[in-house]
Amino acid sequence: MKPVDRHLADILATVRPLAPLEVEIEAALGAVLAEDVASPVPLPPFDNSAMDGYAVQAGDVAAVPVTLPVIGDVAAGDGGLNALGPGLVTRIMTGAPLPAGADAVVPVEWTDGGTARVRIDRPAPPGNAIRRAGEDVRAGDVVLREGARIGPAQIGILAGVGRRRVLVRPRPRVVVLSTGAELSEPGTPLGAGHIWESNSFMLAAAVREAGAEGFRAGSVTDDPKEFMDTLDAQLLRADAVITSGGVSMGAYEPVKEALSPLGTVTFEKVAMQPGMPQGFGVVGPDRVPIFTLPGNPVSSFVSFVLFVKPALRAMQGLPAGPPATVRATVTAPVRSPAGKRSYLRAVLTGETVAPVTGQGSHQLAALAAANALIVVPEDETSLPEGAEVEVIPL
């Protein structure tokens, strides 16, 4: 059987980052930045008030209480030339430009709020409540580096430095397709011998959680021609395809039957449990990566975590590799078949990890109760309670 690490390495050697494109910043959420972004101006662009209050010369309010004349108002957005001399103050609003000659702002709470004359009850040292030009960003500073994932705060700074459009690697468009004559759509009556289809919902959600766009293509029966017709239609909108089911050793394996003759998709046994039957390759004239995962839901989900999620990161131009792990102490003995790396569903709490009841590859409820995978190496068949183990947080 093929080692887990080699299978992931082969996948990462095949997938390529998506070509960058320029988008409006409103459409950039979740994408990965494909350029460095610098500010053309300092931020703030000018000295301004951090509070509503009075612009003063600090020396005039060193001894309090003191009453001084108010010579005018400065509001946010005021583009006029404002100045004040010794013994004078100007009312000023938050964000308004600091008048020339002022070196401090007295918050309105420290005064009687006067409009013609104001009594100031607390001294304000030089620089009080003033935002200096460039204290956040200097002109020419890089505010975002290539490779940054764009979230709300990143969109905020893009707008803040005047960018309307930005170069990004888009979120991969991933089509998810399940196979099996026994599958029924949730919300429909369940016929004899049928189960409600869950894999495509789970995998499309996992795709979205990984920063890509997931599209359910529903399910098809065990007819290889129906599978290929559906796949061909979906390739028009896909940067990658995930299938579940139809890759084992049974008599009705439509994914394997349909794709094997192409010679561009390889089906292998990977030394892991759950999820041993795996397939990966490229399809269509654009050589779209396709991940053919096992049909059992736990096997499908674990395969996504190990193989698909790293590939989606690589397609977005992000560092990609095996899932990150932490060390924890297992609270019960665990077993694993010889020669396979096991991924046991578990609940991670602090520095301990407890295997959940129900480790079968079909037991979706047990997976839903888990928040981690215990990794048992290929050369271990059992680990005692209290052993230190590697854990993949989910």
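Residues numbered from 1 in each chain as written. Predicted model: local features only at pLDDT ≥ 70, side-chain atom pairs only at ≥ 80, totals over all residues. Heavy atoms only, no water.

**Student:** Looking at this model, I keep getting lost on the sheet that holds strand 8 (residues 104-107). Mind explaining?
**Tutor:** What links the strands of a sheet is backbone hydrogen bonding, and the strands pair in either a parallel or an antiparallel sense. Pairing within the open sheet is mixed, and its 5 strands lie in the order 8-5-7-6-9. Both edges of this open sheet fall to strand 8 and strand 9 (117-120), since each of them pairs with a single strand only. Going across the sheet, the axis of each strand differs from the next one's by a mean of 45 degrees, ignoring polarity. Strand direction decides the pairing type here: strand 6 (residues 66-74) and strand 7 (residues 89-92), joined by 3 bridges, are parallel. In the strand pairing of strand 7, D73 is matched with R91. (Pairing = 2+ DSSP bridges. Helix = DSSP H or I, 4+ residues; strand = E, 2+ residues; numbered from the N terminus. Axes fitted to C-alpha atoms, helices over the stretch in contact; angles between N-to-C directions.)

**Student:** Would you explain the packing of aromatic side chains in this entry?
**Tutor:** A ring pair, where both rings are aromatic, is described by two values, the distance of the centres and the angle of the planes. All chains considered together, the criterion is met by 1 aromatic pair. When the centroid spacing of 5.1 Å and the interplanar angle of 45 degrees are considered together, the rings of F280 and F291 count as tilted. Taken as a pair, F280 in strand 20 (residues 277-283) and F291 in strand 21 (residues 288-293) lie far apart in primary sequence, 11 residues in all. Summarising the burial analysis for this pair, F280 and F291 share the class buried. Stacked on the ring of W110, the Lys or Arg R122 has its end atom at 4.0 Å from the ring centre. Above the ring of F201, the side-chain terminus of R216 is found at 3.7 Å from the ring centroid. (Phe/Tyr/Trp six-rings, centres within 6.5 Å; stacked < 30°, edge-to-face > 60°. Buried < 20%, exposed > 50% of the residue type's maximum accessible area, 1.4 Å probe, protein only. Lys NZ or Arg CZ within 6 Å of the ring centre and 35° of its normal.)

**Student:** It is not clear to me how the pairing of strand 7 should be interpreted in this structure. Could you clarify?
**Tutor:** The side chains of a regular strand alternate, residue by residue, between the two faces of the sheet. Strand direction decides the pairing type here: strand 5 (residues 53-56) and strand 7, joined by 3 bridges, are antiparallel. Its bridge partner lying in strand 7, Y54 is registered against R91.

**Student:** It is not clear to me how the side chain of S49 should be interpreted in this structure. Could you clarify?
**Tutor:** Inspection of the secondary structure puts S49 in strand 4 (residues 48-49). Residue S49 is classed as buried on the basis of its relative accessible area, which comes to 0%. Only 2.5 Å separates the side chain of S49 from the backbone oxygen of M51, close enough to count as a polar contact. If near-sequence neighbours (up to four positions away) are discounted, S49 is found in contact with I92, M93, T94, G95, A96, V105, A129 and R131. (Polar contact = N/O pair within 3.5 Å; in protein donor to acceptor, adjacent residues only side chain to side chain. Contact = heavy atoms within 4.5 Å.)

**Student:** Mind showing me how you'd approach helix 3 (residues 199-209) here?
**Tutor:** Note on helix geometry: an α-helix contains 3.6 residues per turn, so any two residues three or four positions apart are oriented the same way. Residues of helix 3 that are buried include every one of N199, S200, M202, L203, A204, A206 and V207, and no others. Where helix 3 is buried, its residues touch strand 13 (173-179), strand 16 (213-220), strand 17 (240-244), strand 21, helix 6 (297-315) and helix 7 (364-369). Directly after helix 3, the chain includes G211, whose backbone phi takes a positive value near 95 degrees.

**Student:** I'm lost on the packing of helix 1 (residues 4-14) against helix 6 in this one. Help?
**Tutor:** To characterise two packed helices, one gives the angle between the axes of the helices and the distance between these axes. Look at helix 1 against helix 6: their axes get within 10 Å of each other, and the N-to-C directions meet at 30 degrees. Viewed along their axes, helix 1 and helix 6 adopt a mutual orientation that is roughly parallel. The handedness of the crossing between helix 1 and helix 6 is right-handed. Packed against helix 1, whose contacting residues are V4, H7, L8, I11 and L12, the element helix 6 presents L306, F307, P310, A311 and A314 at the interface. A per-class count over the contact of helix 1 with helix 6 returns 9 nonpolar, 1 polar and no charged. (Parallel < 35°, antiparallel > 145°, perpendicular 65-115°, else oblique. Left-handed = near helix turned anticlockwise from the far one by under 90°. Nonpolar A, V, L, I, M, F, W, Y, C, P; charged D, E, K, R; others polar.)

**Student:** What should I look at first to understand the packing of helix 3 against helix 6 in this one?
**Tutor:** Helix 6 packs onto helix 3 with a crossing angle of 15 degrees between their chain directions and a minimal axis gap of 10 Å. The orientation of helix 3 relative to helix 6 falls into the category roughly parallel. Crossing angle aside, the handedness with which helix 3 passes helix 6 is right-handed. Of the residues in helix 6, those in contact with N199, M202, L203, A206 and V207 of helix 3 are P297, S300, F301 and F304. Of the residues assigned to the contact of helix 3 with helix 6, the class counts are 7 nonpolar, 2 polar and no charged.

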